[in-house]
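# Overview (structure and organization)
The residues making up each chain are set out below.
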Amino acid sequence: MELEMDNNFGIKDAVTYDVITASSDTVISDIADIMTKNDISSVVIEDEKVEGIVTTNNIISKVVSKNISPQDISAGMVMEKYVGINSDASLNEASSVMIKNNCKVLLVFEEEEFKGILTLTDIVRVSPELIEIFVEQKNIDDKNFHDDANYSNDYDENLDEGVCENCGVYGQLDERDGQFLCSECIDDDLDS
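As a starting point, this report considers the structure included with it. (Residues numbered from 1 in each chain as written. Predicted model: local features only at pLDDT ≥ 70, side-chain atom pairs only at ≥ 80, totals over all residues. Heavy atoms only, no water.)

### Some remarks on a negative patch on the surface
Stated precisely, the cut-off is as follows: Residues qualify for a patch when their relative accessible area is over 30% and they have no salt bridge, like charges being joined within 9 Å and the nonpolar side chains of Val, Leu, Ile, Met, Phe, Trp and Tyr within 5 Å. Calculation of accessible area relied on Shrake-Rupley with a 1.4 Å probe; when residues are assessed, cover is drawn exclusively from the protein chains displayed. Note on definitions: salt bridges are taken to be side-chain nitrogens of Lys or Arg within 4 Å of carboxyl oxygens of Asp or Glu. Charged residues are defined narrowly, with Lys and Arg counted positive, Asp and Glu counted negative, and His plus the chain ends left uncounted. Note on charges: their place is set at NZ of Lys, CZ of Arg, CG of Asp or CD of Glu. Helix and strand assignments come from DSSP, with helices taken as H or I runs of at least 4 residues and strands as E runs of at least 2, each series counted from the N terminus. Accessible area is worked out with a 1.4 Å probe on protein chains only. A residue is then buried under 20% of its type maximum, exposed over 50%, and partly exposed in between.
On the surface, a cluster of negative charge is contributed by Asp-39, Glu-165, Glu-175, Asp-177, Glu-184, Asp-187, Asp-188, Asp-189 and Asp-191. Tracing the backbone shows Glu-175 in strand S8 (residues 170–176). Of the residues examined, Glu-175 reaches a relative accessible area of 46% and is grouped as partly exposed.

What follows is the structure in structure tokens.
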């Protein structure tokens, strides 16, 4: 699954250095508030060193879906282990690490020091041709699921993944007036 590219950007071209962190004893309601105020989907948990990461998916699957009060649970109780990568790596390598670890966020380190965060959206923004790697992997995964006798298809087959033609965010897309848009842009269009 080697992708030929004219420009093999490094992680440093796409990483977000101004990362929002919180301590492991921060309650989830405060983490959710931080995410909402900063329009982000993950918060790095850092005490003396980086401990893990809390994503919106963690909050939904470990708090909301279990009907636990977000004031009663701390970030340290729901955070997941992070996947790290060296700041000298290429975006192609970062894409491969994301696929291998089934994650959309990498924490970037220079030697042992935490430097920033790299998301799937960051990669696609800087080097859109890398989306082919994720699409190819998704097709392989889909084929494996369809070959599995226990697999059932619960999602809407009309939705496709890709980069929204309006806001540039990677995610589930739907066609609207000849454009492929994310649900947020479709909702914004309907509201106006």
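Back to the write-up after that little detour.
### A closer look at unusual backbone geometry
The phi torsion at Asp-39 lies on the positive side, around 50°, for a residue other than glycine. Summarising the element assignment, Asp-39 is placed in the loop between helix H1 (28–38) and strand S2 (42–46). Residues other than glycine seldom take positive phi values, yet Asn-102 does so here, at roughly 50°.

### Overview of the packing of H1 against helix H2 (residues 56–64)
Any two packed helices are characterised by the angle at which their axes cross and by the distance between the axes. What counts, and what does not: Only the stretch in contact is used when a helix axis is fitted, and all axes are lines through C-alpha atoms; the angle between N-to-C directions ranges over 0 to 180 degrees. Crossing handedness: left-handed means the near helix sits turned counterclockwise from the far one by under a right angle, and right-handed means the same turn made clockwise. By the convention used here, residues are in contact when the closest approach between their heavy atoms is within 4.5 Å. The nonpolar class holds Ala, Val, Leu, Ile, Met, Phe, Trp, Tyr, Cys and Pro. Asp, Glu, Lys and Arg form the charged class, and all remaining residues, Gly among them, are polar.
Viewed as axis vectors pointing N to C, H1 and H2 meet at an angle of 145°, and their least axial separation amounts to 11 Å. Every pair of crossing elements has a handedness; the one defined by H1 and H2 is left-handed. Taken together, the residues of H2 that come into contact with H1 (itself represented by Ile-28, Ile-31 and Met-35) are Thr-56, Ile-59 and Val-63. Of the residues contributing to the contact of H1 with H2, the split by class is five nonpolar, one polar and no charged.

### As for the nonpolar core
Convention followed: Remark: nonpolar core denotes a set of buried residues (Ala, Val, Leu, Ile, Met, Phe, Trp, Tyr, Cys) joined through side-chain atoms within 4.5 Å.
With 16 residues, the main nonpolar core has Ile-11, Ile-85, Leu-91, Ala-94, Leu-106 and Leu-118 as its most contacted residues. When residues of this core are traced back to their parent elements, those giving at least two are helix H4 (91–101), strand S5 (105–110) and helix H5 (120–126). Top element by residues in this core is H5. It accounts for four residues.

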